[in-house]
Amino acid sequence: MEKRIENLEKFHKPKIQLTSCNLKNTKSIQPHNDWINSISCFPSGNIISVSNDKSINIYDSNLNILQSIKNAHDDSIIYVEIKDENNFITCSKDKN
(Lines give C-alpha, C1' and ligand atoms only; values in the text may rest on other atoms or scores of the structure.)
Protein backbone atom coordinates (compact mmCIF):
# COMPACT_ATOMS: atom_id res chain seq x y z
CA MET A 1 0.00 0.00 0.00
CA GLU A 2 2.80 2.46 0.90
CA LYS A 3 4.48 1.89 -2.48
CA ARG A 4 1.20 2.62 -4.28
CA ILE A 5 0.78 5.89 -2.34
CA GLU A 6 4.32 6.94 -3.28
CA ASN A 7 3.56 6.24 -6.94
CA LEU A 8 0.34 8.26 -6.77
CA GLU A 9 2.15 11.22 -5.21
CA LYS A 10 4.37 11.49 -8.28
CA PHE A 11 1.28 12.05 -10.43
CA HIS A 12 -0.77 14.07 -7.95
CA LYS A 13 -2.03 17.34 -9.35
CA PRO A 14 -4.01 19.52 -6.94
CA LYS A 15 -7.71 19.75 -7.73
CA ILE A 16 -9.20 23.21 -7.68
CA GLN A 17 -12.94 23.77 -8.11
CA LEU A 18 -13.92 27.40 -7.76
CA THR A 19 -16.81 27.65 -10.18
CA SER A 20 -19.50 28.33 -7.57
CA CYS A 21 -17.40 30.01 -4.87
CA ASN A 22 -18.00 33.51 -3.65
CA LEU A 23 -14.52 35.02 -3.50
CA LYS A 24 -15.44 38.67 -2.89
CA ASN A 25 -14.04 38.91 0.68
CA THR A 26 -11.28 36.31 0.60
CA LYS A 27 -8.28 38.46 -0.30
CA SER A 28 -7.39 39.23 3.35
CA ILE A 29 -7.76 35.66 4.63
CA GLN A 30 -4.51 33.90 5.62
CA PRO A 31 -5.84 30.40 6.31
CA HIS A 32 -2.83 28.04 6.08
CA ASN A 33 0.80 27.98 7.16
CA ASP A 34 1.99 25.79 4.28
CA TRP A 35 1.09 24.87 0.70
CA ILE A 36 -2.60 24.41 -0.08
CA ASN A 37 -3.08 21.13 -1.95
CA SER A 38 -6.79 21.12 -2.75
CA ILE A 39 -9.64 23.64 -2.74
CA SER A 40 -13.31 22.98 -3.35
CA CYS A 41 -16.69 24.63 -2.77
CA PHE A 42 -19.84 23.52 -1.01
CA PRO A 43 -23.16 24.04 -2.85
CA SER A 44 -23.73 27.10 -0.62
CA GLY A 45 -20.53 28.69 -1.94
CA ASN A 46 -18.49 28.11 1.21
CA ILE A 47 -14.87 27.26 0.46
CA ILE A 48 -12.89 24.34 1.90
CA SER A 49 -9.14 23.93 1.61
CA VAL A 50 -6.59 21.39 2.82
CA SER A 51 -2.88 21.83 3.24
CA ASN A 52 0.53 20.44 4.04
CA ASP A 53 0.06 22.04 7.49
CA LYS A 54 -2.35 19.15 8.33
CA SER A 55 -5.33 21.46 8.68
CA ILE A 56 -8.75 21.74 7.07
CA ASN A 57 -10.17 25.24 6.68
CA ILE A 58 -13.76 26.13 5.86
CA TYR A 59 -14.46 29.71 4.89
CA ASP A 60 -18.01 31.06 5.02
CA SER A 61 -17.90 33.82 2.42
CA ASN A 62 -21.31 35.24 3.39
CA LEU A 63 -20.44 35.72 7.07
CA ASN A 64 -16.70 36.25 6.50
CA ILE A 65 -15.87 33.52 9.06
CA LEU A 66 -12.98 31.08 8.87
CA GLN A 67 -13.30 27.76 10.74
CA SER A 68 -10.14 25.72 11.05
CA ILE A 69 -9.58 22.11 12.08
CA LYS A 70 -5.92 21.99 13.11
CA ASN A 71 -4.05 18.67 13.00
CA ALA A 72 -6.97 16.99 11.26
CA HIS A 73 -4.47 14.38 10.03
CA ASP A 74 -1.02 13.24 11.15
CA ASP A 75 0.61 14.26 7.85
CA SER A 76 -0.02 16.53 4.86
CA ILE A 77 -3.59 16.50 3.54
CA ILE A 78 -3.48 16.17 -0.21
CA TYR A 79 -7.10 16.14 -1.36
CA VAL A 80 -10.62 17.18 -0.41
CA GLU A 81 -13.86 16.28 -2.13
CA ILE A 82 -17.32 17.66 -1.36
CA LYS A 83 -20.09 15.08 -1.05
CA ASP A 84 -22.92 17.47 -0.09
CA GLU A 85 -23.44 20.58 2.01
CA ASN A 86 -22.62 18.79 5.28
CA ASN A 87 -20.09 16.15 4.23
CA PHE A 88 -16.65 16.07 2.71
CA ILE A 89 -13.83 13.54 2.37
CA THR A 90 -10.12 14.17 2.80
CA CYS A 91 -7.10 12.01 2.13
CA SER A 92 -3.66 12.41 3.58
CA LYS A 93 -0.14 11.10 3.40
CA ASP A 94 -0.90 9.50 6.79
CA LYS A 95 -2.94 6.92 4.79
CA ASN A 96 -6.28 7.92 6.34
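The following refers to the structure shown. For every chain, the first residue of the written sequence is number 1, and numbering continues from 1 along that sequence. In keeping with the predicted nature of the model, local features appear solely for residues at pLDDT of at least 70, side-chain atom pairs appear and are counted solely at 80 or more, and the whole-chain, interface and lining totals rest on all residues. Where side-chain values are given, they derive from all heavy atoms of the structure, hydrogens and water being excluded.

### Here's the deal with the nonpolar core
- Here, nonpolar core means buried Ala, Val, Leu, Ile, Met, Phe, Trp, Tyr and Cys residues that are tied together by side-chain atoms lying within 4.5 Å of each other. Classification of residues uses two cut-offs on accessible area relative to the type maximum, computed with a 1.4 Å probe and protein chains only: under 20% is buried, over 50% is exposed, and between them is partly exposed. Membership of the largest hydrophobic core is limited to eight residues, which are F42, I48, V50, I56, I58, I77, V80 and I82.
- For the purposes of this entry, the term helix denotes a DSSP run of H or I that reaches at least four residues, the term strand denotes a run of E that reaches at least two, and both are numbered from the N terminus. When residues of this core are traced back to their parent elements, those giving at least two are strand 2 (47-51), strand 3 (56-60) and strand 5 (77-84).
- Among the elements that make up this core, the one with the highest residue count is strand 5 (three residues).
- Beyond its immediate chain neighbours, meaning those up to four positions away, I77 contacts N37, V50, S51, N52, K54, S55, I56, A72, T90, C91 and S92. Note on contacts: a residue pair is in contact if any heavy atoms of the two residues lie within 4.5 Å.

### Some remarks on the packing of aromatic side chains
- We call Phe, Tyr and Trp rings a pair once their centres come within 6.5 Å, taking the six-membered ring for Trp, and we label the pair stacked below 30 degrees between planes, edge-to-face above 60, and tilted otherwise. Under the definition given, this model contains one aromatic pair.
- Seen in terms of ring centroids, F42 and F88 are 6.3 Å apart; in terms of plane orientation they differ by 80°. Their pairing is edge-to-face. Here F42, found in the loop between strand 1 (36-41) and strand 2, pairs with F88, found in strand 6 (residues 87-92); they are 46 residues apart in sequence, far enough to count as distant.
- A relative accessible area of 4% means that F42 is categorised as buried.

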